[in-house]
Amino acid sequence: MKITVIGAGYVGLVQAVGMARLGHDVTCVEIQDERRERLAKGEVPFFEPGLKEMLNKSLEKNQLRFTDRVPSGVLDLIFIAVQTPQSETGAADLSYLQSACEMIGRDVQGDSIVVLKSTIPPGVRARIHEWLANDKLEVASNPEFLREGKAVEDFFAPSRIVFGVESKQAEEKLREAYTGVEAPVFVMSVESAQLAKYASNTMLAMRLSLMNEIANIADVVGADIRDVSAVVGSDPRIGSSFLRAGAGFGGSCFPKDVLALEAVGKEGGFDSRLIAPIIEVNKKQAEIFVQKIQDVLGELSRKTIAVWGLAFNAETDDVRESPAIRVIRLLLEQGVSIKAYDPQAIESAREVLGAEIEYASSKIDCLQGADALAVLTEWEEFIDAPWDEVKEALNSPMVFDGKNVLNTDRITEAGMTHYGIGLCNEDSQLLPSFS
Ligand code: UGA
């Protein structure tokens, strides 16, 4: 099939490369010159496991090319994967979508299907048709469910594929495009597909905020949230993923999509009571974590804290909305000096934090002269850290785990104390962690 993908950001690039690897002839339209030129040479401008190798294979086989305009000729599907950032009101900013639609409507000559891959709020289909202003074009929705750090895996082995369509013909074309990917397929209206995407992210974010609040309660009563979530998650009606509490969740998707969903309801006259607090609770979680550090270490000014992890998630260099950045900012406000290490995200963190913190070249270097360690990303190399060496390097044997991922026994055996959110160590029960 002849496939065009508009936008070579995170979602667009995975879609373009994925479609090329499925055997389609793919053109990816990227208007930023530098980005497009780098991609055409096989360079991926961000870290995502497996993506660079797949990009290079697709380029070698001439299944994928990058241009700055929509190609002429017959196009089966045109995926729009431009960004839909959060506007000041919380609603999604659709200006990039509008420009993409205007370009497509102007340049595409034959019949084609415009597939919304970006996360776009339901209720704007009529506007999209107005922007396209081309009655040869149909609109469909095919929301993405890619986790950063696992995007390639999620593309080829997704838990489900969703098609929101205006016609049977669009469904057939989309099915053909995904031939080779084994997953249950859900076919529905464009609006239902769009709402399903927002609902999925909001549900996951709500679970995390709820578990974070339950972890705070675990701290109050001296319970261990890991035992609590094991019980809760063993109920098949609930399921065990996305129950790990900590200093909050991050990433560019959850906060933006949760608030955009709330805005969609509001614009239609429905005021949700449950959705907005998901984000408020999440922000508060970083404050609770810093309060916990202060409760243990006392006055924080002139202390040095080593931070392992800057990215919002393991296996990515993305620091957008990262809980690590939130926690670091709060610690800096208290006069703490920060030395940080991350296997991939140092450069992206430097763009945000500049010279406000010191950057270390390895996890052990990062500890020299530090009063305690805070772990803020769930990288494997932190989970498997050599705790004897960590103890040796730190001024005091304390680990604050903002992701609740470390093994308490191993840390304790090395003679250190493991603090997390709701981890029930003797001290944490006594801490006045709530402000
Ligand atoms: C999320 C969704 O998981 C994807 O399905 C969706 O396609 C994507 O948003 C999107 O809309 O583009 P992403 O934000 O990339 O993916 O990464 P996640 O793996 O979902 O992690 C989000 C945050 O939750 C991370 O900060 C992670 O550390 C945190 N998390 C995750 C927890 O704090 N506890 C958990 O148990 C799981």
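Residues numbered from 1 in each chain as written. Predicted model: local features only at pLDDT ≥ 70, side-chain atom pairs only at ≥ 80, totals over all residues. Heavy atoms only, no water.

Participant: Would you explain the site of the ligand in this entry?
Facilitator: Taken together, 20 residues sit near the ligand, with Glu144, Lys197, Asn201, Phe312 and Glu378 positioned nearest. The backbone of Leu146 places a nitrogen or oxygen atom 2.9 Å from an oxygen atom of the ligand. Elements supplying a minimum of two residues to the shell around the ligand: α8 (190-221) and α10 (254-267). Considering every element that reaches the shell around the ligand, the biggest residue donor is α8, with three residues. Along the lines of polarity and charge, the residues of the shell around the ligand split into nine nonpolar, three polar and eight charged. (Near = heavy atom within 4 Å. Polar contact = N/O pair within 3.5 Å; in protein donor to acceptor, adjacent residues only side chain to side chain. Helix = DSSP H or I, 4+ residues; strand = E, 2+ residues; numbered from the N terminus. Nonpolar A, V, L, I, M, F, W, Y, C, P; charged D, E, K, R; others polar.)

Participant: Quick question: what am I supposed to make of a nonpolar patch on the surface here?
Facilitator: A cluster of nonpolar side chains, namely Ile217, Val220 and Val221, defines an oily patch on the protein surface of about 300 Å² accessible area. Summarising the element assignment, Val221 is placed in helix α8. (Patch = residues over 30% accessible without salt bridge, like charges linked within 9 Å, V, L, I, M, F, W, Y side chains within 5 Å. Areas by Shrake-Rupley, 256 points an atom, 1.4 Å probe, with all protein chains shown as cover. Salt bridge = Lys/Arg side-chain N within 4 Å of Asp/Glu carboxyl O.)

Participant: It is not clear to me how the sheet that holds strand β14 (residues 417-419) should be interpreted in this structure. Could you clarify?
Facilitator: In any sheet, the strands associate via hydrogen bonds between backbone groups, in a parallel or an antiparallel arrangement. Pairing is parallel across the open sheet formed by six strands, whose spatial order is β11-β10-β9-β12-β13-β14. Two strands bound the open sheet, and with one partner strand each, they are β11 (358-359) and β14. Relative to strand β13 (residues 398-401), strand β12 (residues 372-375) is paired through three bridges, and the arrangement is parallel. From the neighbouring strand, Ala374 faces β13, where its bridge partner is Phe400. (Pairing = 2+ DSSP bridges.)

Participant: Where do I start with the pattern of salt bridges in this structure?
Facilitator: Taken as a whole, this structure holds 27 salt bridges when the rule is applied. Salt-bridge contacts for Arg326 lead to Glu321; the nearest nitrogen and oxygen are separated by 3.7 Å. Residue class for Glu321 comes out partly exposed when judged on its relative accessible area of 41%. A single network of salt bridges, built from pairs that share partners, joins Lys2, Asp25 and Arg65. (Buried < 20%, exposed > 50% of the residue type's maximum accessible area, 1.4 Å probe, protein only.)

Participant: Hey, could you run me through the side chain of Arg207 in this one?
Facilitator: Here Arg207 is to be found in helix α8. Buried charge without a salt bridge: Arg207, with Asp235 as the nearest opposite-charge side chain at an N-O distance of 9.7 Å. There is a polar contact of 2.6 Å between the side chain of Arg207 and the backbone oxygen of Ser241. Engagement of the side chain of Arg207 in a polar contact is seen with the backbone oxygen of Phe242, the distance being 3.5 Å. When neighbours within four sequence positions are excluded, Arg207 is seen to be in contact with Ile238, Gly239, Ser240, Ser241, Phe242 and Leu243. (Lys, Arg positive; Asp, Glu negative; His and termini not counted. Contact = heavy atoms within 4.5 Å.)

Participant: So what exactly am I meant to see when it comes to the nonpolar core here?
Facilitator: In globular proteins that are soluble, nonpolar side chains generally tend to be buried together. Ranked by internal contacts, the top residues of the largest apolar core, which has 65 residues, are Trp308, Leu373 and Trp387. Sort the elements by how many residues they give to this core and helix α11 (residues 276-297) lands first, with six residues. Among the nonpolar cores identified, the runner-up in size contains 40 residues, and Ala16, Val44, Phe79 and Val165 belong to it. (Core = buried A, V, L, I, M, F, W, Y, C linked by side-chain atoms within 4.5 Å.)

Participant: It is not clear to me how the state of the cysteines should be interpreted in this structure. Could you clarify?
Facilitator: Here a disulfide denotes one covalent bond, and it connects the sulfur atoms of two cysteines. In the structure shown here, the tally under the stated rule is zero disulfides. Here Cys28 stays unpaired: no disulfide links it, and the sulfur of Cys101, its closest cysteine neighbor, is 16 Å away. (Disulfide = S-S within 2.5 Å.)

Participant: What is the right way to read empty space enclosed by the protein from this model?
Facilitator: A probe as big as a water molecule, rolled over the atoms, marks out the empty space that is left. Counted under the stated rule, the structure contains two cavities of 30 Å³ or more. The space that makes up the largest cavity amounts to roughly 140 Å³. Taken together, 14 residues make up the lining of the largest cavity; nearest its centre are Lys117, Pro143, Phe145, Pro158 and Tyr178. Mapped by element, the contributors of at least two residues to the lining of the largest cavity are α6 (151-156) and β7 (161-164). The residue inventory of the lining of the largest cavity, partitioned by class, reads eight nonpolar, two polar and four charged. The calculated volume of the second largest cavity comes to roughly 40 Å³. Leu116, Lys117, Ser118, Thr119, Ile120, Ser141, Pro143, Ala193, Gln194 and Lys197 are the residues that line the second largest cavity. Ranked by the residues each element gives to the lining of the second largest cavity, the list is headed by α8, at three residues. Here the lining of the second largest cavity is composed, by residue class, of four nonpolar, four polar and two charged. (1 Å grid on protein atoms, 1.4 Å probe; cavity = no way out; pocket = protein on both sides within 12 Å on 5 of 7 lines; lining within 4 Å. Points joined across faces, edges and corners; volume = space filled by probe spheres on them.)

Participant: So what exactly am I meant to see when it comes to unusual backbone geometry here?
Facilitator: A negative phi holds for most residues other than glycine; trans holds for most peptide bonds. For Ala133, which is not glycine, the phi dihedral falls at a positive 45°. Along the chain, the position of Ala133 falls in the loop between α5 (125-132) and β6 (137-141). What makes Ala133 exposed here is its relative accessible area of 64%. You will see that Glu315, though not glycine, has its phi angle at about 65°, which is positive. Along the chain, Glu315 falls in the loop between β9 (304-308) and α12 (323-333).

Participant: Is there a simple way to think about the confidence of the model for the protein chain in this case?
Facilitator: If pLDDT is low for a region, its predicted coordinates should not be looked at in detail. Across the protein chain, the average pLDDT comes to 95, with 97% of residues at or above 70. Here residues 428-435 is a poorly scored stretch, pLDDT under 50, and it has 19 contacts once near neighbours within four places are set aside; other chains count. (pLDDT = per-residue confidence, 0-100.)

Participant: Help me understand the packing of α8 against helix α9 (residues 225-233) in this model?
Facilitator: A pair of packed helices is characterised by two quantities: the angle between their axes and the separation of those axes. Two elements in contact, α8 and α9, have axes separated by 9 Å at closest approach and are oriented at 135°. Considering the angle they form, α8 stands oblique to α9. The handedness of the crossing between α8 and α9 comes out as right-handed. Between α8, through Met211, Ile214, Ala215 and Ala218, and α9, the contact on the second element is made entirely by Ile225, Val228 and Ser229. (Axes fitted to C-alpha atoms, helices over the stretch in contact; angles between N-to-C directions. Parallel < 35°, antiparallel > 145°, perpendicular 65-115°, else oblique. Left-handed = near helix turned anticlockwise from the far one by under 90°.)

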